[in-house]
Amino acid sequence: MNLRNRLHRIVRSPPAHRFFVWFSASYFGFVYRTTKWTSLGFDDYAASLEGGTPFIIVNWHGRLSMVPYAWDWKAWDLTILSFDHPAAQVMVDTVRRLGIHVLVLKPKGSNTGVLRQAVKAYRSGHCIGITPDGPLGPHLVMKPGAVELAAICRAQIAPVTFSVKRRFVLKTWDRFVLPLPFGRGVFMMGPALSVPRKLSPEGLREEMERISAAMKDLDAQADAYFGHAPDPRDRPD
């Protein structure tokens, strides 16, 4: 058994999994509570939710740590789509503590049943959360799921991100932004993006490029809020 498989087995073991979930929830919750947050671009979406119209939230994998804290999801329903992967499962069980619902996608085979559940959740008033470059990249390369689901549901896509003054950017595939406590932070939501009901293969690619560009621009705006220069690594692999 190679080292990677051994690590996967350790992560999947119940004691290790419980520890990682506890640590993740404790650390990111501590960062959230000790950071002075500013929220920008949320008002229109709050009005939409109050009017009974949910939306599809998208954010890059590298900004995943604090996005679940951007809203009080015990007041507004959110269902996220996540893949069955050891690292993803830790985050899944962490966000469940925040009142977030989870639908798990299989890494292989058909996920038609799960997508039907997502459509049903949306039509019952749940926002749907998708990380379009997850679970393993490539970095900032969007997969079609969010656009296809938005077309089926006739839903608007809402880019969301965060940045903080004090942070580390890890040398991982997703350039994971690790926030540090006792600082300032910003949550940002970009303008809502609509997609056509019917999409040709070329139209799907164009919509993916448009939404991907909007997400990258929003990350850049959030980083510029604290004077962070663009990361030269922060580009598709």
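Everything here concerns the structure above.
To keep things clear, this report deals only with the structure shown in the data block. (Residues numbered from 1 in each chain as written. Predicted model: local features only at pLDDT ≥ 70, side-chain atom pairs only at ≥ 80, totals over all residues. Heavy atoms only, no water.)

This part is about the sheet that holds strand β4 (residues 101–105). Taken in spatial order, the 7 strands line up as β1-β9-β6-β2-β5-β3-β4 in an open sheet, and their pairing is mixed. Every other strand in the sheet has two partners, leaving β1 (36–40) and β4 as the edge strands with one partner each. The sheet shows a mean angle of 25 degrees between the axes of neighbouring strands, direction not considered. Where strand β6 (residues 157–164) meets strand β9 (residues 184–189), 5 bridges bridge the pair, whose relative direction is antiparallel. In the strand pairing of β9, Thr161 is matched with Met188. (Pairing = 2+ DSSP bridges. Helix = DSSP H or I, 4+ residues; strand = E, 2+ residues; numbered from the N terminus. Axes fitted to C-alpha atoms, helices over the stretch in contact; angles between N-to-C directions.)

This part covers helix α6 (residues 145–153). Along α6, the residues that are buried comprise Ala146, Val147, Leu149, Ala150, Ala151 and Cys153. Looking at the buried residues of α6, the elements they touch are β2 (56–58), β3 (78–83), α5 (112–123), β5 (127–130), β6 and α7 (201–224). (Buried < 20%, exposed > 50% of the residue type's maximum accessible area, 1.4 Å probe, protein only. Contact = heavy atoms within 4.5 Å.)

Core analysis: the largest hydrophobic core is formed by 31 residues, its most contacted members being Phe55, Met66, Trp71, Phe162, Phe187 and Met189. At the level of elements, α2 (14–34), α3 (43–50), β3, α4 (86–96), β6 and β9 are the ones that each hand at least two residues to this core. When residues of this core are assigned to their parent elements, the largest contribution, 4 residues, is made by β6. Setting aside residues no more than four positions away along its own chain, Met189 makes contact with Leu40, Gly41, Phe42, Tyr45, Phe55, Trp71, Ala158, Pro159, Val160 and Leu218. Ala118, Val119, Ala155 and Ile157 belong to the second largest nonpolar core, which has 29 residues in total. (Core = buried A, V, L, I, M, F, W, Y, C linked by side-chain atoms within 4.5 Å.)

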